[in-house]
Amino acid sequence: MEAANATQSSSQVSELAGKYLTFSLGNEGYGVGILSVREIIGVMEITAVPHTPDYIKGVINLRGKVIPVLDLRLKFNMDRKDYDERTCVIVVEVQGQTAPVQVGMVVDSVSEVLNISAGEIEPPPSLGSSTETDNILGMAKVKGEVKILLDVNRVVGEGLQHLLS
Amino acid sequence: MAVVDKPLSDLLDEVALKILMIEPGDLSIVGELLELIERLLPGCAAADTPVVIQQMAAVFKGVLERLIMGELPDSAENYDLLGQCVTEMQESARKEGHPGAEVVARFCANMRKIGLLLEPEALVGTVAAASAEPAIAEDKAMVEEESAAAVQGQAPATAESDQGAIPDFLQDTDLLAGFIEEAFEHLESIEVNVLELEQSPDDMDIINNIFRPFHTIKGVSGFLNLKTINRLAHATENLLDDVRNGKRAMDSAVIDIVLTVGDALKSMVADIKDVLQNGPANYQDTDIRGFLASITQLQDGGDGASPGEAASAPEPDLAPEVSESDEAEPCEEEDVAAVALAVPPLAKAAQGAGSLPVPQPQATPAARPAADSGTKKIGASIKVDVEKLDALVNAVGELVIMQSLVRQNKLVSRIADAKLTKDFSQLTRITSELQRTAMSMRMVPIKQTFDKMIRLVRDLSKKSGKKVDLIMEGADTEIDRNMVESIYDPLVHMMRNSVDHGISLPAERVKFGKPETGTVFLRAYQKGGSMMIEIEDDGEGLNTRKIRKKAIERGLIGESDSLSDFELNNLVFLPGFSTADKITDVSGRGVGMDVVKKAVEKLRGKVEVQSQPGKGSLFLISLPLTLAIIDGIIVRVGSERYIIPTIAIQESVHPEPKNYSTVHGRGGNLMVRGELVPIIRLYEKFGVASTYTDPCEAIVVVVENEGRRRALMVDELLGKEEVVIKNLGGIDVPGVAGGTILGDGRVGLILDLAGVIAGNTD
C-alpha cells in the first residue's frame, strides 16, 4: 500500500508545480494554488452565523456579496489567535454543489507568490490521521523553508460540506 | 436565357430548396423548379455534369410536366418523394456521377411511388431515352459495370428512411439551437390561438395565425433535415390550408387534431433538444403515421356539417383523452341519436388512429381573457441573455449599497457644502431610478402562466364531463421572473381542485338553479406591496361540516373546540386533509392543498380560502412583489443585528411582569391578548451575549408562522426597512433565510421563522 502510494504520488507531484500564494499560520508556512485565489483582503467585521461549527466564523460583505469565512487555525485545530493588523482573509473560489462558491479563509499573514517547481515538491507525509493529510497536496522546500501545499477544494469544501445548500 | 455556369452542387441545393417551398396548388413555384431542372438536361447541362444526373433530370422534368398537366396528383406526398429524388441526385453529384446501384434504385423506387415506371438501367444508359416510358437498357455491359463497381454502400446520411438519421440534423448545431427556441415559441402561440379559435371558429385572422407558425416550422425543419417534424408540420399545414380555402370546416375534430399535433411536435422538439445537449444515444424517432392517417381522414371525410351544433349533455363517463378504439365505440352508440352526420368520419378517424383523442361532441369550455386586456400593446422587445440581465441587476444592487455607504460616511456627512448636498440628492435619485428599472426587468407578466391554465381547464373539463368557463383578469400583472416557475404548480393544483371538487356536473348545477356552465375566475392584481392571485369558482363551496368532522376524526381539533367557519375552512391546508369521498386521478388524495401552502410559503407568501356553501369558494394567494427584496424590522440582540420579515410580525410588546409566566422555573410564556405565547430567547438561540436576559426589560416581537405564534425576545428595535436578500454564499443554516447588507456595510442575518420556531419545540 505504501509503495503504491509512493509511486502514485511521484507522478502527481509533477502536476503540482506552479504558482502558489504562501501564507502563515503560527510557525508554519502554507501555500494554495493561485488559480483558486480571487482576492486578499484585510480582516473586517464578521457577522456570526448561529448553528455552525466554530471554525466557520460567519459571513462578510464582499462588495455587496455575502460570503462565508472560515478560520484556518480553528479548522486545523490549532490555538486561537487574536486578529491583528497582519491578519488577512484570502478569498478563494471552490466548486460547490452546483456552482462555484467563494469562501474566505482567515490566516495570520500573507507572504508572497512563489513559483514552485516539481523538483521542490515532495509527497505529503503520512501523519496517521488520513483526514488531515487528505487536505495536503504535498510539501515544498523553498528558500530553505518548508511550505505545506493545501488542497483548497478539500479544506474549504469539506468544511462547508454539510452546510452547502 | 443565359445559362449561368454554376457548380452542380449549388444548383441541386437550389432545387432542393425550391421543392421545400412548394405548396400543393402553387404552380408558380413548380414553374421555377422546372427552369432550374432544365439546366441539368442532356443538351443544356454543363459539360461536366454526370450523365446519370442528366438522366435523372430528364425524368424529373417529365414528372413535373405531368404534375402541371394534372396527369399526376399534385399532392404533398408526391412533392415529398420528389424531394427525396433530389437528395438522390445530390448524392450522385457527391459521388461524381457514380452513385452506385443503391442510390439509383432508390431514385427509381421513389419515382415509381409517384406513379412513374422507371428502371434503373434507363438512368445509367448513355441514351437520353429515359422518360415516361419504361425503358430498356441500351448498354447492359455498362449497367453491370456500374452495379459491380459497387456501392460505397453506406446509405447516405440523407437517406429517406423515417428512422431519424441521427448525424443528419446535427450538422448545424447553431441553427438547430435557434430553431428549437423558436419552435417552442411557435408551438405556444399555436396553442393559445387554437384555444381562442374554439370560441370563434370562423375568425380567419386566428386561423392564419395558426397556419403561419406551422408553415414556418415546416420550412425550417425541412431545411435542417428534421424529417419527421417536417412531415408532420407539413401535413397539418395542409389541413389548415384546406380550412382556409373553405374545403374543410373548422370544427372540434380539427381543433383536437391540431392540439394533439402541437403536443407531439413539442415533444419531438424536446427530443431534439435533448440530443443536442446529451448526444444521440437515446434518440428515438417518433412514429407519426397515426397522425398522418387521421389528418388525411379529416381532409377527406370532413365535408359537411360541423358537429359543434348538436352538442348533447356530455356523458360523465366519456373516454379519457388518449382512448383506445374499442373504448370509443360505446360513446358513439350513445351519441348517434343526438349528434350530426359528422360523427361517422370522426369515428373513422378514431378507428384509424388508435392513439388519438376521440373528438367529443360537446360544447368546449370557454377561456376568455376579460375585456380589459383586449387591446394588445405591441411594443418592440429584444431577447437578452438571462445571465447578462442578472449580472446587471446585481451590479445595480451593489451600486445602491455603495452609494448609501458613501452618504453615511461620517466625514462626508459633516461637509456642510450646499452644492455637495444637492449633488448627493441627485445621485440618490438617479440610483433609485436605476434600481427600480433594474428590478422591473426581472418582472414578467403572469400571462404566460395564466395561458397554460386555459389548456388545463379545457382538458380537465373534458375529462370530467363538466362544463367550465375560465375567465382571466389581470394577466398583464407582473411577477418576479424567479417566481414564475414556482407558482405554476400551486396554481395547477388549485385549478384542478376547483374543477374537480368545486364545480359540479351540469345536471347537478341545473338542479341547484345554477347555469350549466360553471365559471372559474383567475385574477391577478397588486395590492399594497404584494401581488395577489385569486382563484374563484361558483361551485358548491367547501363543506364546512364535513371538514369539521374530518378534522375531529384526524385529531386536529377537539369536539368541543369552537372554530369559526373561516378557520375550519382553512384547515384544508393541513397535510393529509381531504374530504373527497372518491379519489380521482386528479385529486382527492389529500395531498394537494398542503403542498400548495408550502410552495406559497416558500415564496414568502400566504394562502387562504373563503367559501360559502352552495355559492362557491375563493382561494386567495398573496405573494411578495419580488423575491429579492424583503420588508423587515431590524432588531438588535447584543452586538448582532437580525431582520424579522414584517409579514410574519403581529405586534411587538414591552412585556409586563404580570403577563410573564414560567413553568417549573423554565421556559417562558407571555400572555398576549388573552393567549399564552411561548417566548423564544434569541440570544440563547444564537449564542450571543445580549443586553437583557429578563423579558420584562427587553422587547418581545410576536410572530406567527404556519399557525404557530411565538414571542421573540430582542434587545432593541432598530427600524423598518426593505432589504435586499442575499444568500449566505452557499451555506444553509436552519433559522436563517439569508443575509443582507445593512446601511453601514455589515451583514445582517434574515431570520427564517419556520426554522427558528422548529428548533425550539420544547
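Because the structure is a prediction, the values reported are computed rather than measured.

Basis of the calculations
Residues numbered from 1 in each chain as written. Chains lettered and ligands numbered in written order. Predicted model: local features only at pLDDT ≥ 70, side-chain atom pairs only at ≥ 80, totals over all residues. Helix = DSSP H or I, 4+ residues; strand = E, 2+ residues; numbered from the N terminus. Buried ≥ 20, exposed ≤ 12 C-beta atoms within 10 Å, placed from the backbone. Contact = placed C-beta atoms within 7 Å. Axes fitted to C-alpha atoms, helices over the stretch in contact; angles between N-to-C directions. Parallel < 35°, antiparallel > 145°, perpendicular 65-115°, else oblique. Left-handed = near helix turned anticlockwise from the far one by under 90°. Pairing = 2+ DSSP bridges. Nonpolar A, V, L, I, M, F, W, Y, C, P; charged D, E, K, R; others polar. Arc of directions from axis to C-beta. pLDDT = per-residue confidence, 0-100.

A. Layout of the overall build of chain B. Counting its secondary structure elements, chain B contains 25 helices and 19 strands. Residues classed as buried in chain B amount to 38% of the 762 residues present. Look at the contacts in chain B between residues 6 or more apart in sequence, and 68% of them connect residues 24 or more apart.

B. How the structure looks around the overall build of chain A. Along the backbone of chain A there are 4 helices and 11 strands. Expressed as a percentage of its 165 residues, the buried residues of chain A come to 35%. A fraction of 55% describes how many contacts in chain A between residues 6 or more apart in sequence connect residues 24 or more apart.

C. Examining the packing of helix α3 (residues 51–69) of chain B against helix α4 (residues 76–94) of chain B more closely. Residue and element names in this part refer to chain B. Running from N to C, α3 and α4 point in directions that differ by 165°, and their axes come no closer than 10 Å. With respect to each other, α3 and α4 are oriented roughly antiparallel. As for how α3 packs across α4, the hand of that crossing is left-handed. Contacts from Val52, Ile53, Met56, Phe60, Val63 and Leu67 of α3 reach α4 at Asn78, Leu82, Cys85, Met89, Ser92 and Ala93.

D. Seen up close, the sheet that holds strand β1 (residues 18–25) of chain A. All names here are of chain A. Strand order in the open sheet made by the 6 strands is β8-β1-β2-β11-β10-β9, with mixed pairing throughout. At either end of the open sheet lies a strand with only one pairing partner, and these are β8 (109–116) and β9 (121–122). Here β1 pairs with β8 via 6 bridges, running antiparallel. Residue pairing across strands places glycine 18 opposite isoleucine 116, the latter belonging to β8.

E. Representation of the interface of chain A and chain B in the model. Counting from both sides, the interface comprises 24 residues of chain A and, opposite them, 23 residues of chain B. Secondary-structure elements contributing two or more residues to the side of chain A that touches chain B are β4 (56–62), β5 (65–71) and β7 (100–107) of chain A. No other element matches the 4 residues that β5(A) contributes to the side of chain A that touches chain B. Of the residues in the side of chain A that touches chain B, the class split is 13 nonpolar, 8 polar and 3 charged.

F. View of helix α21 (residues 544–553) of chain B. Residue and element names in this part refer to chain B. Every buried residue of α21 is listed here: Ile547, Arg548 and Ala551. Each buried residue of α21 sits inside an arc of 100° when the element is viewed along its axis, so together they form one side. Looking at α21, the residues exposed on the side facing more than 90 degrees away from the buried face are Arg545, Lys549 and Glu553. Those residues of α21 that are buried lie in contact with α22 (565–569). Backbone geometry just downstream of α21 places glycine 555 in the positive-phi region, at approximately 80°.

G. Region of interest: the sheet that holds strand β19 (residues 747–751) of chain B. Residue and element names in this part refer to chain B. Read across the sheet, 5 strands follow the order β17-β9-β10-β19-β18 without closing on themselves; strand pairing throughout is mixed. The open sheet has two edge strands, β17 (716–724) and β18 (736–741), and neither has a second partner. Taking each pair of neighbouring strands and ignoring which way they run, the sheet shows an average axis angle of 35°. Relative to β19, strand β10 (residues 640–645) runs parallel, the two sharing 2 bridges. Bridge pairing in β19 places tyrosine 642 opposite leucine 749.

H. Spatial organisation of the environment of Ser28(B). Residue and element names in this part refer to chain B. Inspection of the secondary structure puts serine 28 in helix α2 (residues 27–38). A count of 8 C-beta atoms within 10 Å places serine 28 in the exposed class. Each C-alpha atom of the pair serine 28 and isoleucine 68 lies 9.9 Å from the other, and the pair is 40 residues apart in sequence.

I. How the structure looks around unusual backbone geometry. All names here are of chain A. At histidine 51, a residue that is not glycine, the phi angle is positive and equals roughly 60°. Histidine 51 sits in the partly exposed class, given 15 other C-beta atoms within 10 Å. You will see that asparagine 77, though not glycine, has its phi angle at about 60°, which is positive.

J. Fine view of the packing of helix α1 (residues 8–21) of chain B against α4(B). Residues and elements named next belong to chain B. Relative to each other, α1 and α4 sit at 170°, their axes nearing to 10 Å. Considering their axes alone, α1 and α4 lie roughly antiparallel with respect to each other. Contacts from Leu8, Ser9, Leu12, Val15, Ala16 and Ile19 of α1 reach α4 at Tyr79, Leu82, Gly83, Val86, Met89, Gln90 and Ala93. Of the residues that constitute the contact of α1 with α4, the class distribution is 10 nonpolar, 3 polar and no charged.

K. Quick look at the environment of Lys527(B). With respect to the helices and strands, the residue Lys527(B) is situated in strand β5 (residues 518–527). Each C-alpha atom of the pair Lys527(B) and Leu625(B) lies 9.6 Å from the other, and the pair is 98 residues apart in sequence.

L. Looking closely at the pairing of strand β8 (residues 616–624) of chain B. Residues and elements named next belong to chain B. The pairing of strand β6 (residues 530–537) with β8 spans 8 bridges and is antiparallel. For glutamate 534, the partnering residue across the bridge sits in β8 and is leucine 620. Here strand β7 (residues 606–612) runs beside β8; their pairing, made up of 7 bridges, is antiparallel. Looking at the pairing, lysine 606 lines up with serine 622 of β8.

M. Structural view of the confidence of the model for chain B. All names here are of chain B. When pLDDT is averaged along chain B, the result is 74; 77% of the residues meet or exceed 70. Segment residues 125–165: pLDDT under 50, and 62 contacts once partners within four positions in sequence are set aside and those in other chains are kept. Segment residues 303–376: pLDDT under 50, and 127 contacts once partners within four positions in sequence are set aside and those in other chains are kept. Here the predicted complex carries an ipTM of 0.76, next to a pTM of 0.52.

N. Broad picture of the environment of Ala395(B). Mapped onto the secondary structure, Ala395(B) falls in helix α15 (residues 386–408). Once the C-alpha coordinates of Ala395(B) and Ala438(B) are considered, the two residues, 43 residues apart in sequence, prove to be 9.6 Å apart.

O. Main features of the pairing of β7(A). Residues and elements named next belong to chain A. The buried fraction of β7 amounts to 6 of the 8 residues, a majority that puts the element mostly inside the structure. Where β5 meets β7, 3 bridges bridge the pair, whose relative direction is parallel. Along β7, the bridge assignment pairs leucine 70 with methionine 105. Of the pairings in the sheet, the one linking strand β6 (residues 88–95) to β7 comprises 8 bridges and is antiparallel in character. Along β7, the bridge assignment pairs cysteine 88 with valine 107.

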